[in-house]
Amino acid sequence: LWPRRMGCGSFFRMVGKYVWRAIGAANFALFFANMFFLGNVLPIVSKYLIKPLFPGFHEQLKCQMAEIMFATITDWSEVVGGLKVIVTGDKIPDGSAVLISNHVSYSDSIAIHCIAHRHTELGHVRPFAKSSLAYVPIFGWFGVFLNYIFLSRSWDHDKIRIRQQLNDLTRKAKLYASGNFWLMLFPEGTRLRPKKLAEAQEFSKKRGLPVLENLLVPRNKGWVSSMDGTREAITGVIDMTIGYSQWTKTGHARPSVGDCMFALGGEWPVHVHVRYFPVKTIPEGQEAESQWLQDRWNDKDKLLEAFKRDGHFPGEIRPLKKRTLLDAFLNYLAMILIALTTRAALVFVAQHFYKQDWAVVAQQAQQSIETLLLAAK
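Quick caveat, the model's predicted, so the values are computed rather than measured.

Across its full length, the protein carries 11 helices and nine strands. Here the protein holds 377 residues, and 49% of them are scored as buried. In the protein, of all internal contacts separated by at least 6 residues, the share reaching a separation of at least 24 is 79%. Total accessible area on the protein stands at roughly 19300 Å², and carbon and sulfur atoms take up 59% of it.

This is how it looks when you write it as structure tokens:
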């Protein structure tokens, strides 16, 4: 039944590994189905039924749905997937902030959201994202409702939209339960890869910039626009440096998102060093803000050199409050119940009030989403 050299214990471990991955895949499929209702259908219903009468409740409802969905990902990653976020450095005070970080892996966002969860800002994280994401069902559409800052990579087009989107964000954040937001920005613009690093080092040599060994060159336009658009609304800047101790032979950091979602057991450490700068210490003006960002990247490069040597960042570890299996289950159950309730309510309304079947309602909802996406574009 199995290879001669494979013992009984090894066989069952192998079977268990694939069963575990199958459970993870099924969980992910169920998660996306539920997220469609929480992140796409419910915000549309709220937009037309709740927002006209209770705009504050509408914004808080979207944030609550975001917290439930993102907590499902972070809880699964930590409790089941073995993700361990190790935090050192400064404490993060309450208040709105611009959050900047180096970008190594898609798992960076999961680690940052894990930290935001402990600061009750999980539903208030607003990242910069590619404009193409706005057309992706579920995550992208929800990003439109949550006021993600979408970029087209054309600065002449983006600079006007960024200002408008940041104005919307700072205005709507006043209606959030905490009144705060974290504007998340990866100034490097893309993930670290050996080829990208070599290109960045060559670029730095030609421009007379510091040649970094562990980071790409930070792009200052998004950063400067972020500070100009939010300076009056934020209390400070959160500067995170993310380090990974495990890498693949092809230069990819681990854990990947797949490791967090589908890997069998184990432990995946991700180190995050935090520095906090009150907004009054950040210089004003494009040139001064750009230089400030470059100085932070120079500091990060030194931190990452020490990390490679020591295996950890300096300073006392600030352990995150442990999430339990019960926390993960209750959050997941809440997401399923809300999704089922939303679907049942829509079916009831369609069949008893409008005398339409569910397929027609779904088609109309899709048309509403497409209209909103066109307006966002």
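Alright, that's what it looks like, and here's the rest.
What follows deals with the sheet that holds strand β6 (residues 236–244). As a general point, the strands of a sheet are linked pairwise by backbone hydrogen bonds and lie either parallel or antiparallel. Pairing is mixed across the open sheet formed by seven strands, whose spatial order is β1-β9-β6-β2-β5-β3-β4. Whereas interior strands pair on both sides, the edge strands pair on one side only; in this sheet they are β1 (83–89) and β4 (149–151). Averaged over all neighbouring strand pairs, the angle between strand axes comes to 25°, with direction disregarded. As defined by bridge partners, strand β3 (residues 125–130) adjoins strand β5 (residues 182–185) across three bridges and the pair is classed as parallel. Its bridge partner lying in β5, Arg-126 is registered against Leu-183.

Let's shift gears to the side chain of Thr-74. With respect to the helices, strands and loops of the structure, Thr-74 is situated in helix α2 (residues 55–80). For Thr-74, a relative accessible area of 1% puts it in the buried group. Once residues within four sequence positions are removed from consideration, Thr-74 is found in contact with Ile-110, His-113, Cys-114 and His-117.

With 12 residues, helix α3 (residues 107–118) extends 17 Å from end C-alpha to end C-alpha; this agrees with the ideal 16 Å at 1.5 Å per step. In terms of residue burial, α3 counts as a mostly covered element, since 10 of its 12 residues are buried. Taken as a whole, α3 has its buried residues at Ser-107, Asp-108, Ile-110, Ala-111, Ile-112, His-113, Cys-114, Ile-115, Ala-116 and His-117. Positive phi shows up at Thr-120, right after α3, with a value of about 55°.

To continue, consider the pattern of salt bridges. Counted according to the given criterion, the structure contains 11 salt bridges. Note that Arg-171 is salt-bridged to Asp-168, the shortest N-O span being 3.2 Å. Taken together, the residues Arg-171 and Asp-168, both in helix α5 (residues 155–173) and three residues apart, mark about one turn of the helix. Among the residues examined, Arg-171 registers a relative accessible area of 48% and is labelled partly exposed. The exposure class assigned to Asp-168 is partly exposed, which follows from its relative accessible area of 24%. Between Arg-309 and Asp-310 there is a salt bridge whose closest N-O contact spans 3.1 Å. Overall, the relative accessible area of 61% leaves Arg-309 in the exposed class. Salt bridges sharing partners connect three or more residues here, namely Arg-275, Arg-296 and Asp-299.

Below, the discussion takes up the packing of aromatic side chains. The relation between two aromatic rings is expressed through the spacing of the ring centres and the mutual angle of the planes. Evaluated as defined, the whole model comprises four aromatic pairs. With a centroid separation of 6.3 Å and an interplanar angle of 35°, the aromatic rings of Tyr-148 and Phe-150 are classed as tilted. Judged on exposure class, the residue Tyr-148 and its partner Phe-150 are both buried. Among the aromatic residues, ring-to-ring pairing joins Trp-223, Phe-277 and Trp-292 into one connected group. The ring of Trp-297 is capped by Lys-300, whose NZ or CZ atom sits 4.9 Å from the centre of that ring.

Conventions adopted
Residues numbered from 1 in each chain as written. Predicted model: local features only at pLDDT ≥ 70, side-chain atom pairs only at ≥ 80, totals over all residues. Heavy atoms only, no water. Helix = DSSP H or I, 4+ residues; strand = E, 2+ residues; numbered from the N terminus. Buried < 20%, exposed > 50% of the residue type's maximum accessible area, 1.4 Å probe, protein only. Contact = heavy atoms within 4.5 Å. Areas by Shrake-Rupley, 256 points an atom, 1.4 Å probe, with all protein chains shown as cover. Pairing = 2+ DSSP bridges. Axes fitted to C-alpha atoms, helices over the stretch in contact; angles between N-to-C directions. Expected span 1.5 Å × (residues − 1). Salt bridge = Lys/Arg side-chain N within 4 Å of Asp/Glu carboxyl O. Phe/Tyr/Trp six-rings, centres within 6.5 Å; stacked < 30°, edge-to-face > 60°. Lys NZ or Arg CZ within 6 Å of the ring centre and 35° of its normal.

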